[in-house]
Amino acid sequence: RPLVRWALDTPDLVDAVARWNLTWTQPATNPMWGLFDMAMVGTLDGDNDAIAAVRRMLLTLPQSAIRRCDASFGANAGPARFGWGVPLSIPLAYDTIHGTLSPEDRRQFCAWSADYLIRDFLGLVAPGYYKSSGSNGTLGYMTVALPTILAIRGDPNVPSLEEELKRCISYFEATLHTAIG
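In what follows, the accompanying structure is described.

Calculation criteria
Note that residues are indexed from 1 along each chain, following the sequence as it is written. Confidence filtering applies because this is a predicted model: local features only for residues at pLDDT of at least 70, side-chain atom pairs given and counted only at 80 or more, and all residues used for totals across whole chains, interfaces and linings. Hydrogens and water are ignored here; the side-chain numbers use all heavy atoms of the structure. Numbered from the N terminus, helices here are DSSP runs of H or I no shorter than four residues, and strands are runs of E no shorter than two. Only protein chains enter the accessibility calculation, which uses a 1.4 Å probe; a residue is then buried when its area is under 20% of its type maximum, exposed when over 50%, and partly exposed in between. Only rings of Phe, Tyr and Trp enter the pairing, Trp through its six-membered ring, and a pair is recorded when the two centres are within 6.5 Å. The plane angle decides the type: under 30 degrees is stacked, over 60 is edge-to-face, the rest tilted. Whether a charge sits over a ring comes down to the Lys NZ or Arg CZ being within 6 Å of the ring centre and within 35 degrees of the ring normal. Whenever Lys or Arg places a side-chain nitrogen within 4 Å of a carboxyl oxygen from Asp or Glu, that contact is recorded as a salt bridge. Throughout, a contact is declared for two residues whenever any of their heavy atoms are within 4.5 Å. As a rule, the C-alpha atoms of each element are fitted with a line to give its axis, helices using only the stretch in contact, and angles between N-to-C directions run from 0 to 180 degrees. Should an angle fall under 35 degrees it is called roughly parallel, over 145 degrees roughly antiparallel, and 65 to 115 degrees roughly perpendicular, with every other angle called oblique. Crossing chirality is assigned from the near helix's rotation relative to the far helix, an anticlockwise turn below a right angle marking it left-handed and a clockwise turn marking it right-handed. Polarity classes work like this: nonpolar for Ala, Val, Leu, Ile, Met, Phe, Trp, Tyr, Cys and Pro, charged for Asp, Glu, Lys and Arg, and polar for all others, with Gly in that last group. Buried residues of nine kinds, namely Ala, Val, Leu, Ile, Met, Phe, Trp, Tyr and Cys, make up a nonpolar core once their side-chain atoms join them within 4.5 Å. Asp and Glu are treated as the negative residues and Lys and Arg as the positive ones, with His and the ends of the chain left uncounted.

## Considerations on the environment of His-177
- In this structure, His-177 sits in helix α10 (residues 162-180).
- When its relative accessible area of 57% is taken as the criterion, His-177 is described as exposed.
- Taking the C-alpha atoms as reference points, His-177 and Ser-133, 44 residues apart in sequence, are found 8.8 Å from one another.

Written out as structure tokens, the structure is:
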């Protein structure tokens, strides 16, 4: 319940979420990591407040990512830093509450996800993925891109993500070979 109340009651959610990972003790850190938990509670318990909280946070993400590009964030400015450690809970939460979202909400989230969580993240790791396929950051970006593809694939207005899916699978195989040998 505290995460749901926070997501519903925070007045400037865009700014709070933009700061979510400046330190791991930011007010938005736990709600960001808890998105999937809130989505599950909302779905399984029929908790409309939990679903509304997840919806509000998901629809805030594009604006928060843009806000994070502001120069006032200094070395922590930019989409790569906003995305550092982005939790897997984002695509899982979207997939869980998908049926409760309006077509416009889904279009907005899918457009941002295709560009940012998939294409931008893959662009960040592409130059050195095979050289460092087992590293924390490299793996982190890819492990959000792959489930995001699976979560939004098939939604109306989502472009073909077949090439991105192939690249994610190739990266995932490289990571498995690094980890297992």
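That shown, we press on.
## Things to note about the packing of aromatic side chains
- The tally for this structure, following the rule as stated, stands at 10 aromatic pairs.
- With a centroid separation of 6.2 Å and 80° between ring planes, the pair formed by Tyr-129 and Tyr-130 is classed as edge-to-face.
- By way of ring pairs, the aromatic residues Tyr-94, Phe-109, Trp-112, Tyr-116 and Phe-121 are connected into one cluster.
- Sitting above the plane of the Phe-73 ring, Arg-68 keeps its charged end 5.4 Å from the centroid.

## Description of the pattern of salt bridges
- By the definition in use, this model includes 13 salt bridges.
- With its nearest N and O atoms 3.4 Å apart, the salt bridge here joins Arg-1 to Asp-49. Separated by 48 residues along the polypeptide, Arg-1 in the segment before α1 (2-9) and Asp-49 in helix α5 (residues 48-67) bring together distant segments of the chain.
- On the accessibility criterion, Asp-49 (34% relative accessible area) is partly exposed.

## Concerning helix α7 (residues 89-97)
- Here α7 has its buried residues at Ser-89, Ile-90, Pro-91, Ala-93, Tyr-94 and Ile-97.
- Looking at the buried residues of α7, the elements they touch are α3 (29-33), α4 (35-45), α5, α8 (103-125) and α9 (136-152).

## Considering the packing of α5 against α8
- For the pair α5 and α8, interaxial distance at closest approach is 10 Å and the crossing angle is 45°. Taken together, the axes of α5 and α8 lie oblique to each other. The way α5 lies across α8 gives a crossing that is left-handed. Contact residues: α5 offers Arg-55, Leu-58, Leu-59, Leu-61, Pro-62 and Ala-65, while α8 offers Asp-105, Gln-108, Phe-109, Trp-112 and Tyr-116.
- A breakdown of the residues in the contact of α5 with α8 according to their chemical character gives 8 nonpolar, 1 polar and 2 charged.

## A look at unusual backbone geometry
- Phi at Asn-157 takes a positive value of approximately 75°, unusual for a residue other than glycine.
- Assignment of secondary structure puts Asn-157 in the loop between α9 and α10.
- Residue classification places Asn-157 among the exposed residues on the basis of a relative accessible area of 69%.

## Notes on the side chain of Thr-60
- Tracing the backbone through its elements, the reader meets Thr-60 in helix α5.
- Setting aside its immediate chain neighbours within four residues, Thr-60 contacts Leu-13, Val-14 and Val-17.

## Observations regarding the nonpolar core
- Judged by nonpolar contacts, the single largest core of 52 residues is most densely connected at Met-57, Leu-58, Leu-61, Ile-90 and Ile-152.
- Within the residue set of this core, elements represented by two or more residues are α1, α2 (13-18), α4, α5, α7, α8, α9 and α10.
- Per-element tally for this core: the top contributor is α8, with 10 residues.
- The residues touching Ile-90, leaving out its near neighbours within four places in the chain, are Met-32, Leu-35, Leu-58, Leu-61, Phe-109 and Leu-117.

## Here we look at the side chain of Asp-155
- Take Asp-155: it is sitting in the loop between α9 and α10.
- One buried charged side chain, Asp-155, makes no salt bridge at all; its nearest oppositely charged neighbour is Arg-106, positioned 4.0 Å away.
- With near-sequence residues (within four places) excluded, Asp-155 lies in contact with Tyr-94, His-98, Arg-106 and Cys-110.

## Comments concerning the packing of α4 against α7
- Interaxial distance between α4 and α7 falls to 8 Å at its minimum, and their mutual angle equals 15°. When the axes of α4 and α7 are compared, the pair comes out roughly parallel. Our pair here, α4 against α7, has a crossing hand that is left-handed. Contacts between α4 and α7 involve Leu-35, Phe-36, Ala-39, Met-40 and Thr-43 on the former and, on the latter, Ser-89, Ile-90, Leu-92, Ala-93, Thr-96 and Ile-97.
- Broken down by class, the residue content of the contact of α4 with α7 amounts to 8 nonpolar, 3 polar and no charged.

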